[in-house]
Amino acid sequence: MAALTWSNITQVLAKQGILIAFALFMFGFALANARFLDIDNVLGVVRSSAILGVMALGVTFVVISGNLDLSVGSMMSFSTIVVLDLHDKIGPALAIPAMFALTLCLGALIGFLVGYLRLNSLIVTLGMLSAIHGLTLTWSGGKNMDIADKQGTWFGIFGQDEMLGVPVPILVFVLLAVVLSVLLARTPFGRKVYAVGGNGTAATFSGIPRARIVFCTYLISAFCVACAGLLQASRSLGSQNTVGQGLELEVLAAVILGGASLLGGSGTVFKTVIGVLILGFIQNGLLLVGLEFYVQYVVTWVIIILAVWLDVAAKRGRLWSPIA
Amino acid sequence: MTTESKPALRLSGIVKTFPGVRALDGVSFDVRPGEVHALLGENGAGKSTLMKVLAGIHQPNEGAIFIEEEKVVMRNPLDAKAKGVVLIHQELSLAEELSAAENIYLGELPRKSFGRVDWATLYDRAGGILKRLNCSFGPKTIVGDLSIANKQMVEIARALTVDAKAVIFDEPTASLTDAEKVVLFDVIRDLTARGVGIVYISHRMDEIFTLSDRISVLRDGAHRGTLITKETDEDEVTKLMIGRSLDLTRNIVAGELGPVAIEVQGLSCGKLYRDVGFEVRAGEVLGFYGLVGAGRTEIAETLFGLRAPSAGEIRVDGQAVTIRSPGDAIRLGISLVPESRKEQGLILGMSCKDNMTLPQVGDLTAGPFVSDGAEIAIFDQYRDKLAIKTPGWRQAVGNLSGGNQQKIVIGKWLSMQPKVLIVDEPTRGIDVGSKSEIHALIRDLAKQGYAVIVISSEMPEVLSVSDRIAAMYHGQLMRIFTAAEVSEDSLVQAISGIGAGKVA
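Residues numbered from 1 in each chain as written. Chains lettered and ligands numbered in written order. Predicted model: local features only at pLDDT ≥ 70, side-chain atom pairs only at ≥ 80, totals over all residues. Heavy atoms only, no water.

## Overview of the overall build of chain A
Step number 1: Along the backbone of chain A there are 13 helices and four strands.
Step number 2: With respect to the three principal axes, the spread of C-alpha positions in chain A is 65 × 55 × 35 Å.
Step number 3: Of the contacts formed within chain A by residues at least 6 apart in sequence, a portion of 79% connects residues at least 24 apart.
Step number 4: Surface summary for chain A: the accessible area is close to 14,600 Å², and the carbon and sulfur share equals 69%.
Step number 5: Distance between charge centres in chain A, computed from 17 positive and 13 negative side chains, equals 19 Å. (Helix = DSSP H or I, 4+ residues; strand = E, 2+ residues; numbered from the N terminus. Contact = heavy atoms within 4.5 Å. Areas by Shrake-Rupley, 256 points an atom, 1.4 Å probe, with all protein chains shown as cover. Lys, Arg positive; Asp, Glu negative; His and termini not counted. Charge placed at Lys NZ, Arg CZ, Asp CG, Glu CD.)

## Comments concerning helix α5 (residues 121–140) of chain A
All names here are of chain A.
Step number 1: If you check α5, its first and last C-alpha atoms are 28 Å apart, about what 20 residues at 1.5 Å a residue would give, namely 28 Å.
Step number 2: Those residues of α5 lying buried are Ser121, Val124, Thr125, Met128, Ile132, Thr136 and Ser140.
Step number 3: As for α5, its buried residues are in contact with α3 (72–90), α4 (92–116), β1 (145–146) and α10 (210–236).
Step number 4: Once α5 ends, the next one or two residues include Gly141, with phi positive near 65 degrees. (Expected span 1.5 Å × (residues − 1). Buried < 20%, exposed > 50% of the residue type's maximum accessible area, 1.4 Å probe, protein only.)

## Brief notes about unusual backbone geometry
All names here are of chain B.
Step number 1: You will see that Glu69, though not glycine, has its phi angle at about 65 degrees, which is positive.
Step number 2: Examined against the element boundaries, Glu69 turns out to sit in the loop between β4 (62–67) and β5 (70–72).
Step number 3: Despite not being glycine, Asp317 has its phi angle at roughly 55 degrees, a positive value.
Step number 4: By the element assignment, Asp317 lies in the loop between β14 (311–316) and β15 (319–321).

## Some remarks on the pattern of salt bridges
Step number 1: On inspection of all chains with the given rule, the structure shows 31 salt bridges over all chains.
Step number 2: Across the salt bridge formed by B:Arg296 and B:Glu425, the nearest N and O atoms sit 3.8 Å from each other. Taken together, the positions of B:Arg296 in helix α9 (residues 296–303) and B:Glu425 in the loop between β19 (420–424) and α15 (432–447) put the pair 129 residues apart, joining distant regions of the chain. One exposure class covers both B:Arg296 and B:Glu425, and it is buried.
Step number 3: One salt-bridge network, in which partners are shared between bridges, spans A:Arg186, A:Arg191, B:Lys353, B:Asp354, B:Asp372 and B:Glu375. (Salt bridge = Lys/Arg side-chain N within 4 Å of Asp/Glu carboxyl O.)

## Re a nonpolar patch on the surface
Residues and elements named next belong to chain A.
Step number 1: Nonpolar side chains collect at one region of the surface, where Leu287, Phe293, Tyr294, Tyr297, Val298, Trp301, Val302, Ile305, Leu306 and Trp309 lie side by side and expose about 1,100 Å² of accessible area between them.
Step number 2: It is helix α13 (residues 295–316) that provides the largest number of residues to the nonpolar patch, a total of seven residues.
Step number 3: Examined against the element boundaries, Tyr297 turns out to sit in helix α13.
Step number 4: Under the relative-accessibility criterion, Tyr297 is labelled exposed at 51%. (Patch = residues over 30% accessible without salt bridge, like charges linked within 9 Å, V, L, I, M, F, W, Y side chains within 5 Å.)

## Examining the confidence of the model for chain B
Step number 1: Mean pLDDT for chain B: 86, with 93% of residues reaching 70 or above.
Step number 2: The element-level mean pLDDT for chain B is lowest in helix α8 (residues 234–242) of chain B, coming to 78, with strand β16 (residues 334–337) of chain B highest at 96. (pLDDT = per-residue confidence, 0-100.)

## Focus on the sheet that holds strand β21 (residues 468–473) of chain B
Sheets are built from strands that pair by backbone hydrogen bonding, the pairs being arranged parallel or antiparallel.
Residues and elements named next belong to chain B.
Step number 1: Strand order across the open sheet formed by six strands is β16-β19-β20-β13-β21-β22, with mixed pairing between neighbours. Looking along the sheet, the strands with just one partner apiece sit at the ends: β16 and β22 (476–482). Within the sheet, the average angular offset between the axes of one strand and its neighbour, ignoring direction, is 20 degrees.
Step number 2: Looking at chain direction, strand β13 (residues 285–290) and β21 are connected through five bridges and run parallel. (Pairing = 2+ DSSP bridges. Axes fitted to C-alpha atoms, helices over the stretch in contact; angles between N-to-C directions.)

## Here we look at the side chain of A:Thr136
Step number 1: Summarising the element assignment, A:Thr136 is placed in helix α5.
Step number 2: The residues contacting A:Thr136, other than those within four sequence positions of it, are A:Ser74, A:Ser77, A:Phe78, A:Ile81 and A:Asn241.

## Looking at the interface of chain A and chain B
Step number 1: Counting residues at the interface gives 21 residues for chain A and 32 residues for chain B.
Step number 2: On inspection of chain A and its partner chain B, the count reaches three salt bridges.
Step number 3: Salt-bridge contacts for A:Arg186 lead to B:Asp372; the nearest nitrogen and oxygen are separated by 4.0 Å.
Step number 4: Remark: the boundary between chain A and chain B carries seven residue pairs in polar contact (both at pLDDT 80 or more).
Step number 5: For the side of chain A that touches chain B, the secondary-structure elements that each account for two or more residues are α1 (6–32), α7 (168–186), α8 (188–198) and α9 (200–205) of chain A.
Step number 6: If one sorts the elements of the side of chain A that touches chain B by residue count, α8(A) sits on top with six residues.
Step number 7: Residues belonging to the side of chain A that touches chain B are distributed by class as follows: eight nonpolar, nine polar and four charged. (Polar contact = N/O pair within 3.5 Å; in protein donor to acceptor, adjacent residues only side chain to side chain. Nonpolar A, V, L, I, M, F, W, Y, C, P; charged D, E, K, R; others polar.)

## What about the domain arrangement of chain B?
Step number 1: Each domain of chain B was delimited in the assignment, giving domain 1 (3–242), domain 2 (246–333 + 419–504) and domain 3 (343–417).
Step number 2: Here the C-alpha centroids of domain 1 of chain B and domain 3 of chain B sit 36 Å apart. (Domains from an automatic or database assignment.)

## Quick notes on the sheet that holds strand β3 (residues 36–40) of chain B
Residues and elements named next belong to chain B.
Step number 1: In spatial order, the strands read β6-β7-β8-β3-β9-β10; together these six strands make up an open sheet with mixed pairing. Either end of the sheet is taken by a strand with one partner, and the two such strands are β6 (85–88) and β10 (222–228). Shown here is a sheet whose adjacent strand axes are inclined to one another by a mean of 20 degrees, direction ignored.
Step number 2: Contacting β6 and β7 (166–170), helix α5 (residues 148–159) runs over the sheet at an angle of about 175 degrees to β6.
Step number 3: On the sheet, helix α6 (residues 178–193) packs against β3, β7 and β8 (197–201) and is oriented at approximately 145 degrees with respect to β8.

## Details of the environment of A:Asn284
All names here are of chain A.
Step number 1: With respect to the element layout, Asn284 can be found in helix α12 (residues 269–288).
Step number 2: For the pair Asn284 and Val42, spaced 242 residues apart in sequence, the C-alpha to C-alpha distance is 9.3 Å.
Step number 3: Ignoring any residue separated from it by four or fewer positions in sequence, one finds Asn284 in contact with Phe36, Asn41 and Val45.

## Considerations on the packing of helix α2 (residues 39–64) of chain A against α12(A)
Residue and element names in this part refer to chain A.
Step number 1: Between α2 and α12, the shortest axis-to-axis distance is 8 Å and the interhelical angle comes to 140 degrees. Considering their axes alone, α2 and α12 lie oblique with respect to each other. In this structure, the crossing between α2 and α12 has a hand that is right-handed. Side by side, α2 and α12 meet where Asn41, Val42, Val45, Val46, Ser49, Leu52, Gly53, Ala56, Leu57, Thr60 and Phe61 of the first sit next to Val269, Thr272, Val273, Val276, Leu277, Leu279, Gly280, Phe281, Asn284 and Leu288 of the second.
Step number 2: When the residues that make up the contact of α2 with α12 are grouped by side-chain class, the tally is 14 nonpolar, seven polar and no charged. (Parallel < 35°, antiparallel > 145°, perpendicular 65-115°, else oblique. Left-handed = near helix turned anticlockwise from the far one by under 90°.)

Set out below in structure tokens:
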């Protein structure tokens, strides 16, 4: 049995820090409010986190490959508005695939710019955040989008129904998490994503088509956004143009909380799921202990900073260091 | 004792431990004013840790540091510098966008009122220091525009802004040309003439014997002895370093030559190289020798699909081919062990196994999934074949020593079973022991029927591994020497453009 020294502790923290933090949060909130671990409350949190979670799954791929995607919030608004609008024009059965196709086109455009033209992903996706918002407003004419006949459509099944007693959004989240986790951890494609993010030059020197891999990560991200848009539209059957606004930062926060490095090359789908749940439970816990809704924005930021700090401290073996 | 004979710098029983490793185990040595004290050791012997202790980056667990016999504690690099110990890094740490003068006085720019920079004084002082170093550039030159050798001069100039008692050079010649080395050595001798003590860390025996007064050897974190340079020879030093002796002489037994594996005609790439033609047979090692920037690496990159040629033809197994990407090259059986292991060869955070199987991971599958079993089989095979020392395949490759890292890269490309293996600077930054192992390995590969191209800036290396040697100068292939024709003189002349006929 290894001695309990500071360096051992930091090593454990580096590997399992996120799970330990998760356990501590749950424990703390459960002490503060008995309702916190109530099954209805837990399911409620997971359900309300599902849309954010689905988006975070896709962004995980982008971040591991060494890039950012700040356009997902704005893209999610686009998907939601488009599918709601087309629902009344061409019917839900055609609206859904059409929306997926259009969203994937946006992802392909970003993937082309970042992957093949090798433009900085921060600039490209920050620009796309604004451009897609403009596109959404143009599409909707600036008005809220509502399905005309909310009673008569089956479109609500994705956001409102349950299967085997579990809400469909949770099922979609879990299913996507499992499939994408396997894709990332077990397939040659996943290995190449890590390689490109870990050292893009070395990946190129190993014959890995870096541009194509980056392109694919943005397609995966766009696909997840389209799923999130579908869940969102189906839940409310109507939407504002700004429904996804600000989600890009929460998504990024969840991915970083999960321990993916912003420099690329590390992170897992499972850890992102934990990151999503931590964010969800923190926000829920703060409400349950009676804090104002707005406080969560500040607390979320503090927690992210703490997570990032502990992460680098664990890697350096000390809390502060003059060199990296 | 008189004041003059006090050591400039003395270490006494330095111990530094990291989790699970005793990196330094009671190291003691001293540097006298005006002396060049060489520090030798294989990678992982503790040289870097020792330097970091000296520069105040690490604090020792035990032992003490003395400057002119006064005990000091180095709290950080600036503190160490203030106390007179300056480290010249292997990897230069300059602000590329700033002028030489600003870099020299970075962090301590002379000031006028309201915190404004006193530019006149800055340029005046920096110019004076550069002049002392016989530098050809002025203090206003932007550092990014300087050659590596001149950047190093800026680093050295930094050291001279304080009254340095000891200057530590870490592999200073790693990326210098021979002419630049001469200038550096003059500067070092000038420093010693002013009474500065020098700690000189290098893998290159010839430099150490040219330059140093004494040689201290580290092995496994312990101080194995200090020799007086004049009274020792390379054999003795090597034995101390690795605990056995080495045979680095040229002992090439030409193997059975097979058919031409790769042939290049009239290959050009803009201004980088022009009209290059050669062929390599199976079972043969063709060495490429020349100065840095002569176009050797660029030829390798063209053959590996990383750089499109502007003219010329490449034939593999007699077939004219177009190589547009590394993927194309790999399919044609061409492998490249690149020049820079850490930047181009490895993904340091990935495991040894994942690094080794990376180019073929798409083929090592069971159904749609990567097959761990197939990967581990390949890893085990090449770990044994290349005698790679690693705790296991899960180990992150960044934790291995330089020599073992290089073997992982070689294993990665051997496991692709290429026809043509290109090795660019196979032993850069690798200790002597691993070096000779890698040389033997290259010869062995030729014997097994690989066509091998070795690019090297070290003459002993090309001489000891190549059947034939192509000499490059300014993008031109000057001549291909056979083993019988080659001599050190003729090689040096060819790569310096002597008798070039046309001037580039």
